[in-house]
Amino acid sequence: MKSKSTRNSPDSSTRENGQNNSVLTVRGLRVYFFTEEGVVKAVEGIDLDIKKGETLGLIGESGSGKTVSALSLVQLLPIPPAKIVGGSVFFENTDLLTLSDKKMREIRGGKISMIFQDPMTSLNPLYSVADQIAENLRVHRKMLPDEATKEAIRMMNVVGIPDAERRSIEYPHQFSGGMRQRVMIASALSCLPALLIADEPTTALDVTIQAQVLELIEELKQKYDTAVLYITHNFAVVAEIADRVAVMYAGYIVEEGDVYTIFENPKHPYTIDLLSSIPRVDKKLSHLEVIRGSIPNLITPPEGCRFHPRCKKVMDKCSKVVPERVEINERHFVRCHLY
Ligand SMILES: Nc1ncnc2c1ncn2[C@@H]1O[C@H](COP(=O)(O)OP(=O)(O)OP(=O)(O)O)[C@@H](O)[C@H]1O
Ligand SMILES: [Mg+2]
């Protein structure tokens, strides 16, 4: 769907499982929180694949496990109460879950960079914003100090920070929330990551800036073949940016496929409900539906398919047996007893 270019990444011809252009391969990832109230089964065996230059949109209602999944990929979960109870996360031939903190820190902010909703968690209050971006450039792109500072200011301009040169010496607390968000985005994009993880990065931004950020990410992909994991509740954003979509519900990926397939031929009743609950230009407003009920408590989730209490197509089997992941078509997967 999108153009490919050559990236100076390490040789990838010997990657695991023969997918030689796969940047990220997640298998059976399970994450639980051990709390006083009980065990929260937040992520229950997810599989993800993202290839070079591909954007995977991860979508689902609040509490479905999107952020927990993203944090576990880069070892940023609070452990305890969290624990990764199973699975593997292969990035360029290495299982990230087996890396030491030190090795993981080298990869984070370098080959893998992240943009989260709350910029204060990733900005250091003690350094000026340009210094933080420049530091990334020195470490990960081996730039000299002057060159790094120049590039940092350029990136601040690119993400639309007005008066970037003058403001470059200011500290994070001197920036508004939206501007801090842009600093974080500038910092994440500046080191030309092989994988960018973006967790609802544009929610706090106004619509024009949102569009600019999506464009920036698109540019990064085109230029450097960056793989992107883009988390959102917004199907309109998915339509804009994603090549593939994974729909998450209560800890499971219930459907995955390319963006056209998911929009035009959704299979899982949850995906169908999600799509019909958003306004579309080709549908009358009276057709808008809201999914009944809410996401279950993950300490005592429903048996069988976790969606069955809310499902319009529920059958006997659904409350007893967890549906397997079945392939409907090439690279279109669904977890539902209807198929
Ligand atoms: N520190 C924690 N302790 C206990 N449970 C947690 C913790 N962090 C997250 N959870 C639980 O894990 C589940 C998944 O949460 P997560 O934040 O991944 O949802 P999400 O899909 O990112 O939602 P949103 O769209 O609101 O960001 C939820 O049930 C949440 O309550
Ligand atoms: Mg979240």
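Just above sits the structure.
The notes below deal with the structure included here.

## A look at the overall build of the protein
Item 1. Across its full length, the protein holds 10 helices and 12 strands.
Item 2. Here the protein holds 339 residues, and the buried ones make up 42% of them.
Item 3. The contacts in the protein between residues at least 6 apart in sequence include a share of 63% that link residues at least 24 apart.

## Concerning the site of ligand 1
Item 1. Of all residues adjacent to ligand 1, which total 16 residues, the nearest are Ala42, Ser62, Lys66, Thr67 and Val68.
Item 2. Broken down by secondary-structure element, the contributors of at least two residues to the shell around ligand 1 are strand E1 (22-35), strand E2 (38-51) and helix H1 (66-73).
Item 3. With 3 residues, H1 is the single largest residue contributor to the shell around ligand 1.
Item 4. Looking at the shell around ligand 1, its residues break down into 7 nonpolar, 8 polar and 1 charged.

## Concerning the sheet that holds E1
In any sheet, the strands associate via hydrogen bonds between backbone groups, in a parallel or an antiparallel arrangement.
Item 1. In spatial order, the strands read E2-E1-E4-E5; together these 4 strands make up an open sheet with antiparallel pairing. The two strands at the open ends of the sheet, each matched to only one other strand, are E2 and strand E5 (94-95).
Item 2. Bridging between strand E4 (residues 82-91) and E5 involves 2 bridges; their strand directions are antiparallel. Bridge assignment links Phe91 to a residue of E5, and that residue is Thr94.
Item 3. The sheet contacts of H1 involve E1, E2 and E4, and relative to E2 the element is tilted by about 65°.

## A word on the nonpolar core
Item 1. Residues Ala152, Leu195, Ile197, Leu229, Tyr230, Val247 and Val254 are the most contacted members of the largest nonpolar core, which totals 89 residues.
Item 2. Setting aside anything within four residues of it in sequence, one finds Ala152 in contact with Ala130, Ile133, Ala134, Leu137, Ser168 and Ser190.

## Focus on the environment of Gly257
Item 1. With respect to the helices, strands and loops of the structure, Gly257 is situated in strand E10 (residues 252-258).
Item 2. Taking the C-alpha atoms as reference, Gly257 lies 9.5 Å from Ile328; in sequence the two are 71 residues apart.
Item 3. Leave out the neighbours within four places in its chain, and Gly257 touches Arg244, Val245, Ile262, Arg331, His332 and Phe333.

Each value, and the rule that gives it
Residues numbered from 1 in each chain as written. Chains lettered and ligands numbered in written order. Predicted model: local features only at pLDDT ≥ 70, side-chain atom pairs only at ≥ 80, totals over all residues. Helix = DSSP H or I, 4+ residues; strand = E, 2+ residues; numbered from the N terminus. Buried ≥ 20, exposed ≤ 12 C-beta atoms within 10 Å, placed from the backbone. Contact = placed C-beta atoms within 7 Å. Near = placed C-beta within 6 Å. Nonpolar A, V, L, I, M, F, W, Y, C, P; charged D, E, K, R; others polar. Pairing = 2+ DSSP bridges. Axes fitted to C-alpha atoms, helices over the stretch in contact; angles between N-to-C directions. Core = buried A, V, L, I, M, F, W, Y, C linked by C-beta atoms within 7 Å.

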